[in-house]
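# Observations on the three-dimensional arrangement
Listed below, chain by chain, are the residues.
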Amino acid sequence: MEYHIHGTTMQTLEVHLRPGESVFSEAGCLLSMSPNTRMETKSPGGLGGMFRRAFSGNSLFLNYFRATREDSIVQFTTRMPGHILPLHLRNYGRVIAQRHAFLCAEEHIDFGIEATLNIGRLLGGNGLVFTYLDGDGTGFLSIDGEVIERDLARGESLLVHPGHIAAFTSSIDYRVQVMQGVSNMLFGGDGVFLVQLTGPGRVWMHSLTVHNLVHIIQEYWDSGQN
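Rules behind the numbers
- Each chain has its residues counted from 1, following the order in which its sequence is written.
- This being a predicted model, a pLDDT of at least 70 is required before a residue's local features are given, and a value of 80 or more before pairs of side-chain atoms are given or counted; all residues contribute to the totals for chains, interfaces and linings.
- Side-chain numbers here rest on the full set of heavy atoms in the structure, without hydrogens or water.
- Secondary structure follows DSSP: runs of H or I at least 4 residues long count as helices, runs of E at least 2 residues long count as strands, and numbering of each begins at the N terminus.
- With a 1.4 Å probe rolled over the protein chains alone, any residue whose accessible area is under 20% of its type maximum counts as buried; one over 50% counts as exposed, and the rest are partly exposed.
- Whether two residues are in contact is decided by their heavy atoms, any of which lying within 4.5 Å being enough.
- Using a 1.4 Å probe, the Shrake-Rupley method yields the accessible areas, and only the shown protein chains count as cover for residues.
- In this description, strands pair whenever DSSP reports at least two bridges between them.
- Throughout, an axis means a line fitted to C-alpha atoms (over the contacting stretch in the case of helices), and angles, computed between N-to-C directions, take values from 0 to 180 degrees.

### Some thoughts on the overall build of the protein
- Per the secondary structure count, the protein includes 4 helices and 19 strands.
- Taken across its 226 residues, the protein has 42% of its residues classed as buried.
- A separation of at least 24 residues holds for 76% of the contacts in the protein among residues at least 6 apart in sequence.
- For the protein, the exposed area adds up to about 11700 Å²; of that, 55% sits on carbon and sulfur atoms.

And the structure:
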């Protein structure tokens, strides 16, 4: 499989598939595909897999794209202004991703739901469930805004706003903590919780959050109605 990433602030991913090769994506990510590409929508894991994906807020079905008689081209696009991050998983091992960050991956990549079962993480704003990517191949994440990358040494910690977390390697430990100071929680504008990420491992962050973008658009919308 070959791929090319195009664009600057609203990137697209172009994947070249040879006969027999395939990629899969979340529903709604497709931009275009060549006529010699066969698309199949299915739900891996049966009803149990559908339930877990629905519970996590991801689409119930995944779309699979396979080259047929000759090379084919499939293009994917991000949901927000931002960048596409290729992950060569043999370099990182298992990667835990924020539920809307997954874009697509090679078919043999193991993709599923990562249950945290920690109510503090639920309150932290990222939900009770994350997705994971694992295997020997390449997956792609959609990063909102710019990609902020940070390597944490063993025992080194970083406090991050939950909405800015895109992904992290499974070696990272993460715990939610309450924002210090009542005035910070009530008037700081950054929510009530932060996530403490502790190394060793790598963290990828969004520079833009959907919440902040909606807030800005809402302000312009409200002013236009007056």
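### A closer look at the sheet that holds strand 1 (residues 2–6)
- Here we have 4 strands laid out as an open sheet, ordered 1-2-7-4, and antiparallel in their pairing. Two strands lie at the open edges of the sheet, namely strand 1 and strand 4 (30–33), each paired on one side alone. Sheet twist, expressed as the average angle between the axes of neighbouring strands with direction ignored, equals 20°.
- Where strand 1 lies against strand 2 (residues 12–17), 5 bridges are found, and the strand directions are antiparallel. From the neighbouring strand, Glu2 faces strand 2, where its bridge partner is His16.

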